[in-house]
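Each chain, letter by letter, is given below.
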Amino acid sequence: MLIRNATLPDGRTGIDLLVQHGRIAAIAPGLFHGRPAPAGAQDIDAAGWLLSPPFVDAHFHMDATLSYGLPRINASGTLLEGIALWGELKPLLTEEALVERALQYCDWAVAKGLLAIRSHVDVCDDRLLAVRALLEVRRRVAPYLDLQLVAFPQDGLLRAPGALAHLERALDLGVDVVGGIPHFERTMADGAESVRILCELAAQRGLRVDMHCDESDDPLSRHIETLAFHTRRLGLHGRVTGSHLTSMHSMDNYYVSKLLPLIAEAQVHAVANPLINITLQGRHDSYPKRRGMTRVPELLAAGVNVAFGHDCVMDPWYSLGAGDMLEVAQMGLHVAQMTSQAQMRACFDAVTVNAAKLLGLDGYGLEAGCHADFVLLQARSQVEALRLRAARLLVVRRGQVLARTAPVQAALQLPGRPAQVDWTLPR
Ligand code: FE2
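Read on for an overview of the structure.

Procedures and definitions
- All chains use their own residue numbering, which begins from 1 and follows the written sequence.
- Confidence filtering applies because this is a predicted model: local features only for residues at pLDDT of at least 70, side-chain atom pairs given and counted only at 80 or more, and all residues used for totals across whole chains, interfaces and linings.
- Values reported for side chains reflect all heavy atoms of the structure, with hydrogen atoms and water molecules removed beforehand.
- Strands are labelled as partners when DSSP assigns at least two bridges between them.
- The helix and strand labels rest on DSSP assignments: H or I over at least four residues marks a helix, E over at least two residues marks a strand, and numbering proceeds from the N terminus.
- To get an axis, a line is fitted to the C-alpha atoms, and for a helix only the part in contact is used. The angle between two axes follows their N-to-C directions and goes from 0 to 180 degrees.
- Each residue is assigned to one of three classes by its accessible area relative to the maximum for its type, calculated with a 1.4 Å probe on protein chains only: buried under 20%, partly exposed between the two thresholds, exposed over 50%.
- Cavity and pocket criteria rest on a 1 Å grid covering protein atoms alone: a 1.4 Å probe that fits but cannot get out defines a cavity, protein on both sides within 12 Å along at least 5 of 7 lines defines an open pocket, and an atom within 4 Å of a point defines a lining residue.
- Grid points are joined across faces, edges and corners, and a volume is the space filled by probe spheres set on the points.
- Each residue is assigned to one class: nonpolar for Ala, Val, Leu, Ile, Met, Phe, Trp, Tyr, Cys and Pro, charged for Asp, Glu, Lys and Arg, and polar for all the others, Gly among them.
- Throughout this description, a polar contact denotes any pair of N or O atoms lying within 3.5 Å of each other; where both atoms belong to protein, one of them has to be capable of donating a hydrogen while the other can accept it, and for residues adjacent in sequence the pair is counted only when both atoms sit in side chains.
- Every residue pair with non-hydrogen atoms within 4.5 Å of one another is taken to be in contact.

Description of the sheet that holds strand β15 (residues 392–397)
Thought 1: Ordered in space as β5-β14-β15-β16, the 4 strands form an open sheet in which the pairing is antiparallel. Lying at the two open borders of the sheet, with one neighbouring strand each, are β5 (50–52) and β16 (400–404). Direction aside, neighbouring strands of the sheet carry axes that sit 20 degrees apart on average.
Thought 2: Here 3 bridges tie β5 to strand β14 (residues 374–377), and the two strands are oriented antiparallel to one another. Bridge pairing links leucine 51 to leucine 376 in β14.

The structure is reproduced here in structure tokens:
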């Protein structure tokens, strides 16, 4: 495959990219200018559109996705009612239906250029039904999508009977990452103890960690501090993620000024889930209502790797969504007020390169030697892609086209105006 005349996220234009054996063999300006493509190669004109590495979702729940309304809808809109509702749904789940919904979501994801997802999977179930279903999904989507699974004790590692044994069984079956939910344990002390147990388990097994951490509006929730402490103590630097961290929004500013360097020192990654945080947090407030999303610009300024996750699509916690990581990034940009050019580009990175680093993906990026995985966007820059939630003209993995979307245009019928409008800026 040869891609001609693409624009790159760093602003370089007129880029040609040659794919051989599923990898990027060469990438440079005007590499094939005025020359035919190599014999047998697919010759694609990018027409100056933005070529990006694929989107990566750092935080998702594929076992719950597309179950909206089963068996009822979350009336209060809170995290806690969502957890209770998921508890009502769990006994009704079947492996076939769960696999079918997850595969449908993966279709949506691929069409949106989302080619790697880290999904938490609930292990608080004697049957491990969701674990078995998502292991089957991981196997079936492997040719076109990287699905990384986190063993997630939804009902609490210490609070739910047998949760640790279930979690270890899930890891034995091949689940990739150790999860946790310290803020849902019965006490702050139990939460801290769960973090210790889970980090030690991950260290013994040589696995990564990704915990739901401080997902509340409680300014005194302190589990990210404990997570950073055990990460450093056990030498797990760069292998641990704190997801949500919404309490940080409400914490005392002095305490946060101490906390941020501790997170950075331990090289703990942070995940914000903008669509879900802005929806679930602040539900116990009257006015003013807190936004609840973690302190993204401050974490970035402290040197912490921050990614954004979709978290939920049409499930007990969230009624919307379509696997569009540009929607996620755009919401993150708004909620964090990251409106400078550099900050908007940082929001694009939060759903591409930062998330890929967090997952530990090999061969990710648009350099010679990387996997030939990319998405062609109907936009001229990252900021324009965010503004328009740009159409994914072409989605490619390992040099194979997986999906195409026709360019978005509209026919105009206005006197004295052009016959067509598109929303990109003139070249
Ligand atoms: Fe989550």
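Details of the pairing of strand β6 (residues 55–60)
Thought 1: Summarising burial for β6: 6 of the 6 residues are buried, a large majority.
Thought 2: Alignment of β6 against strand β7 (residues 114–122), held across 4 bridges, turns out to be parallel. Bridging from a neighbouring strand, phenylalanine 55 pairs with leucine 114 of β7.

Observations concerning empty space enclosed by the protein
If a probe the size of a water molecule is rolled over the atoms, the empty space left behind becomes visible.
Thought 1: In total, this model carries 2 cavities of 30 Å³ or more according to the counting rule given.
Thought 2: Its boundaries defined by the atoms lining it, the largest cavity holds a volume of some 110 Å³.
Thought 3: Elements that contribute at least two residues to the lining of the largest cavity include exactly α1 (79–89) and α8 (274–280).
Thought 4: Per-class residue counts for the lining of the largest cavity are 8 nonpolar, 5 polar and 2 charged.

Observations concerning the side chain of histidine 212
Thought 1: Relative to the helices and strands, histidine 212 is located in strand β10 (residues 208–213).
Thought 2: When its relative accessible area of 3% is taken as the criterion, histidine 212 is described as buried.
Thought 3: Of note is the side chain of histidine 212, whose polar atom sits 3.2 Å from the side chain of histidine 59.
Thought 4: Of note is the side chain of histidine 212, whose polar atom sits 3.1 Å from the side chain of histidine 61.
Thought 5: Among all residues touching histidine 212, those that are not within four sequence positions of it are His59, His61, His120, Phe152, Gly180, Ile181, Pro182, His183, Ser243 and His244.

Notes on the environment of serine 67
Thought 1: Within the secondary structure layout, serine 67 lies in the loop between β6 and α1.
Thought 2: Separated by 68 residues in sequence, serine 67 and leucine 135 place their C-alpha atoms 19 Å apart.
Thought 3: Among all residues touching serine 67, those that are not within four sequence positions of it are Leu89, Arg101, Met314, Asp315 and Pro316.

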